[in-house]
Amino acid sequence: MYQELPRPTIFAHRGSKAHAPENTLAAFKLAVSQGAPAIELDAKLTSDGEIVVFHDQTLNRTTNGSGAVGNTPLAALKELDAGAHFSQAFKGEKIPTLAEVFETVGHLLFINVELTNYATPRDVLPEKAAALVAKFGLQQRVMFSSFNHIALQRAHQQLPGVPLGLLALPGMVGAAARSWVGRRWVDYQAIHPEVRDASPRLIHSAHRRGRRVHVWTVNQRAVMLRLFQAGVDGIFTDDPPLAFSVLSELDI
Ligand code: G3P
Ligand code: MG
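Residues numbered from 1 in each chain as written. Chains lettered and ligands numbered in written order. Predicted model: local features only at pLDDT ≥ 70, side-chain atom pairs only at ≥ 80, totals over all residues. Heavy atoms only, no water.

Around ligand 1, a shell composed of H13, R14, E40, D42, H55, E114, L167 and W216 is seen. With respect to ligand 1, the side chain of R14 contributes an N or O atom lying 2.8 Å from an oxygen atom. The contact in question runs from an oxygen atom of ligand 1 to an N or O atom on the side chain of E114, over 2.8 Å. Out of a free accessible area of 290 Å², ligand 1 has 90% covered by protein chains. (Near = heavy atom within 4 Å. Polar contact = N/O pair within 3.5 Å; in protein donor to acceptor, adjacent residues only side chain to side chain. Areas by Shrake-Rupley, 256 points an atom, 1.4 Å probe, with all protein chains shown as cover.)

Moving on, we come to unusual backbone geometry. The residue after R7, namely P8, is reached through a cis peptide bond having omega -5 degrees. Its place among the elements puts P8 in the segment before β1 (9-13). Geometrically, the link from W216 to T217 is a cis peptide bond, its omega value of -25 degrees lying close to zero. Looking at the element boundaries, T217 is found in the loop between β8 (212-215) and α9 (221-229). One non-glycine residue with positive phi stands out, namely R14, at about 55 degrees. Along the chain, R14 turns up in the loop between β1 and α1 (25-33). A relative accessible area of 12% places R14 in the buried class. Even without glycine at this site, N23 takes up a positive phi of about 55 degrees. Among the structural elements, N23 can be located in the loop between β1 and α1. (Helix = DSSP H or I, 4+ residues; strand = E, 2+ residues; numbered from the N terminus. Buried < 20%, exposed > 50% of the residue type's maximum accessible area, 1.4 Å probe, protein only.)

For the magnesium ion (ligand 2), the full set of protein donor atoms is E40 (OE), D42 (OD) and E114 (OE), and the range of their distances to it is 2.0 to 2.2 Å. Sequence spacing of the donor residues for the magnesium ion (ligand 2), all on one chain, is E-x1-D-x71-E. (Donors = N, O, S within 2.8 Å, 3.2 Å for Na, K, Ca; no water.)

Bringing the nonpolar core into the picture now. Across soluble globular proteins, nonpolar side chains show a tendency to be buried alongside one another. I39, L41, V113 and F144 are the most contacted members of the largest nonpolar core, which has 57 residues in total. Considering every element that reaches this core, the biggest residue donor is helix α4 (residues 125-135), with five residues. Setting aside its immediate chain neighbours within four residues, I39 contacts F11, A12, F28, A31, V101, V105, L109, F110, I111 and N112. In this structure, M143, L167, W216 and F236 belong to the second largest nonpolar core, which totals 10 residues. (Core = buried A, V, L, I, M, F, W, Y, C linked by side-chain atoms within 4.5 Å. Contact = heavy atoms within 4.5 Å.)

Attention now moves to the pattern of salt bridges. For the coordinates displayed, the defined rule picks out 12 salt bridges. Residue D233 pairs with R7 through a salt bridge whose shortest N-O separation is 2.9 Å. Of this pair, D233 sits in the loop between α9 and β9 (234-237) while R7 sits in the segment before β1, and the two are 226 residues apart along the sequence. Given a relative accessible area of 45%, R7 falls into the partly exposed group. The closest approach of N and O atoms between D238 and K17, which form a salt bridge, is 3.9 Å. One end of the pair, D238, is in the loop between β9 and α10 (240-250); the other, K17, is in the loop between β1 and α1, and 221 residues separate them in sequence. (Salt bridge = Lys/Arg side-chain N within 4 Å of Asp/Glu carboxyl O.)

Here's what the structure looks like:
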């Protein structure tokens, strides 16, 4: 399905994050109903080795809990409310497991699974995530991305056919990842630069090498327009309807 994705691909970032609580089933289902062909989500391990979909290292910002996700077992995470921080209308929304997301929307769209084992970069998240993709038969509907190139290599060893996206931090810190150094680290199919680094030059250079450019996180109409006109392959956006409205103006 990666080959057939519409270009530019609109990835609903953490689900449709502007319209529903991030990384919840509600946000992913909303992305489907808004017509997004793809979602992005953040995967990490609980203290008892389950994969949950959650962005931050700690629970404080988006739930009524506290402490590190990686120090908390799944049963305790399931007690928490992950919706009320966004709005009372979403009170009761839970932190989903990756299996629940695969089960709910896995066959409805394409999924960028970001391997976010940044606090524990050598954990078994890549192997477990790859095994889950295989269990659900989603090899054609998933790509892995990460700032951690070792996680990408390890996921690739398990599932060589699944595309990889190398995330690059903004500015100088991410310069190596965006250059030939990043290509030495891991043989990726797409570079994922931060929006300020997504220059026409970078897009051109990636295309010359047969690689895609997926840019994060793009929420402004003018920036979407600039990137679409520059031939970007995809954007991660909190607001898919806005991206579709810009696309319809462009007629590409
Ligand atoms: O995958 C794109 C983007 O999600 C990376 O940054 O912090 O939103 O996971 P972050
Ligand atoms: Mg992410």
